[in-house]
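Geometric and topological summary
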Amino acid sequence: MRRFWLPHGAARTFSNSCTLRNSCMRSYTQLFRTPEFKLSRIALPELEPQDEIWTGQLPGQCLFADSREPGHGPHQLFPADVVDTRRMAWLETCLQSSACRYMICWVPSRCGHSCDGTHGKVSMLQVERAFDHALCRTPLRRISLSLRGRTARFGLKMEEHGVTGSVKARTAVGLLRELHRQAPLAPGTVVVESTSGNLGLAMAHILPSIDCVFLAVVDLKTPHSTRRELLERGARVIVVDEPDGQGGYLLRRLDTVRRILAEHPEYRWPNQYENPASPRVHEHSTGPEIADQAGPELSAAYAPVSTGGTLAGIAAHLREHRPDVRCVAVDVTGSVAIGGSAGRRLIPGIGASRRSAFLRDGAYDHAVHVDDAEAIAVCRILREDLDVTVGGSTGCVVRALLADLATEAAGGFPVCLAADGGAKYLDTFYSDDWIKEQGIHENVSEAVDRLRADGVAFGWGAARK
């Protein structure tokens, strides 16, 4: 007897079946999260009394099921011993049918197939479609800025509008494609990764669509809303609560990943911290988009640094195609990702407790460390002026830009990468109670007052798709 939880806490029981674990379908996670989905048991004369098959229906949709008996109405049924090629050929045909959005592949529990998730197959085409779906072009918004009586313009590359809400969707696709190239990501494969949040959300979005499982190793700085969303997307979550002595939790998260892999050598680890697939995907997607959307006037690109893969990829593209553009690495005070001294850090999604493996000498033109309070102050000013919430790393890059605009180092039209949106941070650095708990309320208030005294004000310009 297996129990699977559906939305809003409702449970259904599937008996004598490895339906979900041996699925050869599009994501059953997506199916069960569809509010209109109706689940029901079907009785077929071909089945023995102790056998059950469950199916579901969406308005105007058909759901096909696979079993051990041939041909019955709308359900194409196969003997359990039919070779996978015939079974998969039928499933592929159904996937291409406009009448079918979802399928469940059902195998009787006594048929001899294991329920470890390794029996099912997902075609290469389905995997590539899942990866392609997670990659999309994001808008570049033009922002007007007043500073010390002068007016300037800059671009904000809004990665929040990507499929998973952050630039890490691109990273996840690059990492998973490389993992799949090395050895196919078969249904039931468990992928484990250390994440501060955004990469985990991207992995939790993509992996269920190819019937794989995501195990996220996060820490206490990961917003509660992010942890909840990971769980809602079907990910397993391990929260590391031991600091690493370098101002964060990264080193302990990596220790946890290595321990898990030692206990479960069959698990797969993309290793976002050292895998060259990370900068490569940004070299071929994020970098070209920025250059195209900003056009010939592009003068500088500012990107937050954590693993360093995003900036390394953007810079690699610009070095080759736009060597006149200045590349700026933006880190947070207390991070050692691009050097500096380790210390306390409050903003997730930027900074690291170890040096970046991707950013070496010559990878960028200039590096800046921004104080937490200054970055939070910029986030709050952006929300007040533009009615938009951005992530803390965006506050860092815009604060770094402000410093360069004061000295004209940014040039005519710089672009800042806004790695994610701020909705998941409303209960942290957008909350007065939270910044008081962290002991930085006065620092943030003083930073806001100082920036406003310098005449800092933002306004929207046109979007470039």
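Because the structure is predicted, anything quoted here is derived from the model rather than measured. (Residues numbered from 1 in each chain as written. Predicted model: local features only at pLDDT ≥ 70, side-chain atom pairs only at ≥ 80, totals over all residues. Heavy atoms only, no water.)

1. Digging into the overall build of the protein
Helices and strands together make up the secondary structure of the protein, namely 14 helices and 16 strands. For the protein, buried positions account for 58% of its 465 residues. Considering only contacts within the protein whose residues lie at least 6 apart along the sequence, 70% involve residues at least 24 apart. Carbon and sulfur atoms form 50% of the exposed surface of the protein, whose accessible area is close to 19100 Å². (Helix = DSSP H or I, 4+ residues; strand = E, 2+ residues; numbered from the N terminus. Buried < 20%, exposed > 50% of the residue type's maximum accessible area, 1.4 Å probe, protein only. Contact = heavy atoms within 4.5 Å. Areas by Shrake-Rupley, 256 points an atom, 1.4 Å probe, with all protein chains shown as cover.)

2. A few points about the nonpolar core
Within the largest apolar cluster, 49 residues are counted, with the highest numbers of intra-cluster contacts made by Phe154, Tyr302, Val398 and Phe458. The element best represented in this core is helix H11 (residues 372-386), accounting for nine residues. With sequence-adjacent residues up to four places away left out, Tyr302 is seen in contact with Arg326, Val328, Val330, Val397, Ala400, Leu401, Asp404, Ala410, Pro414, Val415, Cys416 and Leu417. With 31 residues, the next largest nonpolar core counts Leu250, Val325, Leu359 and Ala363 among its residues. (Core = buried A, V, L, I, M, F, W, Y, C linked by side-chain atoms within 4.5 Å.)

3. A word on the packing of aromatic side chains
Taken as a whole and assessed by the stated rule, the structure comprises three aromatic pairs. For the ring pair Phe154 and Phe458, a centre distance of 6.2 Å and an interplane angle of 80 degrees mean the geometry is edge-to-face. Of this pair, Phe154 sits in strand E8 (residues 150-158) while Phe458 sits in strand E16 (residues 457-464), and the two are 304 residues apart along the sequence. Summarising the burial analysis for this pair, Phe154 and Phe458 share the class buried. Centroid distance Tyr425 to Phe429: 5.0 Å. Interplanar angle 25 degrees. Geometry classified as stacked. A single burial state applies to Tyr425 and to Phe429, both of which are buried. An aromatic cluster is defined as three or more aromatic residues linked by ring pairs; in this entry it consists of Tyr425, Phe429 and Tyr430. (Phe/Tyr/Trp six-rings, centres within 6.5 Å; stacked < 30°, edge-to-face > 60°.)

4. With respect to helix H7 (residues 250-263)
Along its 14 residues, H7 runs 20 Å from first to last C-alpha, staying within 8% of the 20 Å computed at 1.5 Å per residue. For H7, the complete set of buried residues consists of Leu250, Arg253, Leu254, Thr256, Val257, Ile260 and Leu261. Buried residues of H7 fall within an arc of 155 degrees about the axis and therefore sit on the same side. The exposed residues of H7 that point more than 90 degrees off its buried face are Ala262 and Glu263. Along its buried surface, H7 packs onto strand E9 (190-194), strand E10 (213-219) and strand E11 (236-240). (Expected span 1.5 Å × (residues − 1). Arc of directions from axis to C-beta.)

5. Digging into the sheet that holds E11
Read from one edge to the other, the open sheet built from three strands follows the order E9-E10-E11, with strand pairing classed as parallel. The sheet is open, and its two borders are formed by E9 and E11, each paired with just one other strand. For this sheet the average axis-to-axis angle between neighbouring strands, irrespective of direction, equals 20 degrees. Strand direction decides the pairing type here: E10 and E11, joined by five bridges, are parallel. Across the sheet, the residue bridging to Leu215 is Arg236, located in E11. Sitting on the sheet, H7 touches E9, E10 and E11, and the angle it makes with E9 is about 160 degrees. (Pairing = 2+ DSSP bridges. Axes fitted to C-alpha atoms, helices over the stretch in contact; angles between N-to-C directions.)

6. Quick word on the packing of H11 against helix H12 (residues 392-407)
In contact at an axis separation of 7 Å, H11 and H12 are set at 95 degrees when each is read in the N-to-C sense. The angle between H11 and H12 places the two elements in the roughly perpendicular class. Residues Glu374, Ala375, Val378, Cys379 and Leu382 of H11 form the contact with H12, whose participating residues are Gly392, Gly395, Cys396, Val398, Arg399 and Leu402. (Parallel < 35°, antiparallel > 145°, perpendicular 65-115°, else oblique.)

7. A short note on helix H10 (residues 309-321)
The first and last C-alpha atoms of H10 sit 19 Å apart over 13 residues, in line with the 18 Å expected at 1.5 Å per residue. Within H10, burial applies to Gly309, Thr310, Leu311, Ala312, Gly313, Ile314, Ala315, His317 and Leu318. At its buried positions, H10 is contacted by helix H4 (168-182), helix H8 (277-284), helix H9 (286-294), strand E12 (298-304), strand E13 (326-332) and strand E15 (413-418).

8. Re the confidence of the model for the protein
Note: predicted coordinates in regions of low pLDDT should not be interpreted at a detailed level. Predicted confidence across the protein gives a mean pLDDT of 79, with 73% of residues reaching 70 or more. Every residue in residues 1-120 scores below 50 in pLDDT, and together they form 225 contacts with partners more than four places removed in sequence or on other chains. (pLDDT = per-residue confidence, 0-100.)

9. Description of unusual backbone geometry
Leave glycine aside and you will find that most residues have negative phi; peptide bonds, for their part, are mostly trans. With phi around 60 degrees, Asp211 is a residue other than glycine that occupies positive phi space. Its place among the elements puts Asp211 in the loop between helix H5 (198-206) and E10. Although it is not a glycine, Glu408 adopts a positive phi angle of roughly 65 degrees. When you line up the elements, Glu408 lands in the loop between H12 and E15.

10. So, the pattern of salt bridges
Under the counting rule described, the total for this entry stands at 27 salt bridges. In this structure, Glu297 engages Arg142 in a salt bridge whose closest nitrogen and oxygen atoms are separated by 2.7 Å. Within this pair, whereas Glu297 is found in the loop between H9 and E12, its partner Arg142 is found in strand E7 (residues 140-147), the two being separated by 155 residues in sequence. With a shortest N-O distance of 3.3 Å, Lys424 and Asp420 are connected by a salt bridge. Asp420 carries the same exposure label as Lys424, and that label is buried. Salt bridges sharing partners connect three or more residues here, namely Lys157, Glu159, Arg170 and Glu289. (Salt bridge = Lys/Arg side-chain N within 4 Å of Asp/Glu carboxyl O.)

11. Focus on the state of the cysteines
Evaluated as defined, the whole model comprises zero disulfides. Free of any disulfide, Cys396 has its nearest neighbouring cysteine sulfur in Cys379, separated by 7.5 Å. Overall, Cys396 belongs to the buried group, its relative accessible area being 0%. (Disulfide = S-S within 2.5 Å.)

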